[in-house]
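# Residue-level structural notes
The primary structure of each chain is shown beneath.
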Amino acid sequence: MLAMALAGTGLMYGMEATFAPYIARGELRPVLEDWSTMGPAYHIYYSSRRQVPTGLKLLIELIRELRPLGL
């Protein structure tokens, strides 16, 4: 998706922190800014906190530890 946007073939949607370097270099530019959100990042929803599958619990812990988007 990023490669296609950089090639000028269309629009893409994602977290601003991911695209900031490309925007700063002028390789990408924001569009539809009135529709942008500055709210919280992605959320993980699951049905019950009592019986969270081990794999999901480990994934949540990993995301919290790595903070991949710098948030």
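Just above sits the structure.
A brief report on the enclosed structure follows. (Residues numbered from 1 in each chain as written. Predicted model: local features only at pLDDT ≥ 70, side-chain atom pairs only at ≥ 80, totals over all residues. Heavy atoms only, no water.)

### Here we look at the environment of Leu2
What counts here: Counting from the N terminus, the helices are the DSSP runs of H or I reaching at least four residues and the strands are the DSSP runs of E reaching at least two. A simple rule labels every residue: compare its accessible area, found with a 1.4 Å probe on the protein chains alone, to the largest value its type can have, and call it buried under 20%, exposed over 50%, or partly exposed in between. Note on contacts: a residue pair qualifies if any of its non-hydrogen atoms lie within 4.5 Å across the two residues.
Relative to the elements of secondary structure, Leu2 occurs in helix 1 (residues 2-6). The partly exposed category is assigned to Leu2, whose relative accessible area is 26%. C-alpha of Leu2 to C-alpha of Phe19: the two residues are 17 residues apart in sequence and 8.9 Å apart in space. Filtering out sequence-adjacent residues up to four positions away, Leu2 remains in contact with Met12, Phe19, Tyr22 and Leu28.

### Some points on the pattern of salt bridges
What counts, and what does not: Salt bridges are defined by distance alone: a side-chain nitrogen of Lys or Arg within 4 Å of a carboxyl oxygen of Asp or Glu.
Applying the stated criterion across every chain, the model contains 1 salt bridge. Notably, a salt bridge pairs Arg25 with Glu27, separated by 2.4 Å at the nearest N-O pair.

### Some words on helix 3 (residues 54-66)
Inclusion rule: Expected helix span is given by 1.5 Å per residue-to-residue step, counting one fewer step than there are residues.
Between its terminal C-alpha atoms helix 3 stretches 18 Å, which fits the 18 Å expected from 13 residues at 1.5 Å a residue. Phi for Arg67, located one or two positions after helix 3, is positive at around 45°.

### Some points on the packing of aromatic side chains
For clarity, the cut-off: Only Phe, Tyr and Trp rings are paired, with Trp represented by its six-membered ring, and only when their centres lie within 6.5 Å; those with planes under 30 degrees apart are stacked, over 60 edge-to-face, the remainder tilted. Sitting over a ring, as applied to charges here, requires NZ of Lys or CZ of Arg to be within 6 Å of the ring centre and within 35 degrees of the ring normal.
Considering all chains together, one arrives at 0 aromatic pairs under this definition. Over the ring of Tyr22 we find Arg25, and its NZ or CZ is 5.0 Å from the ring centre.

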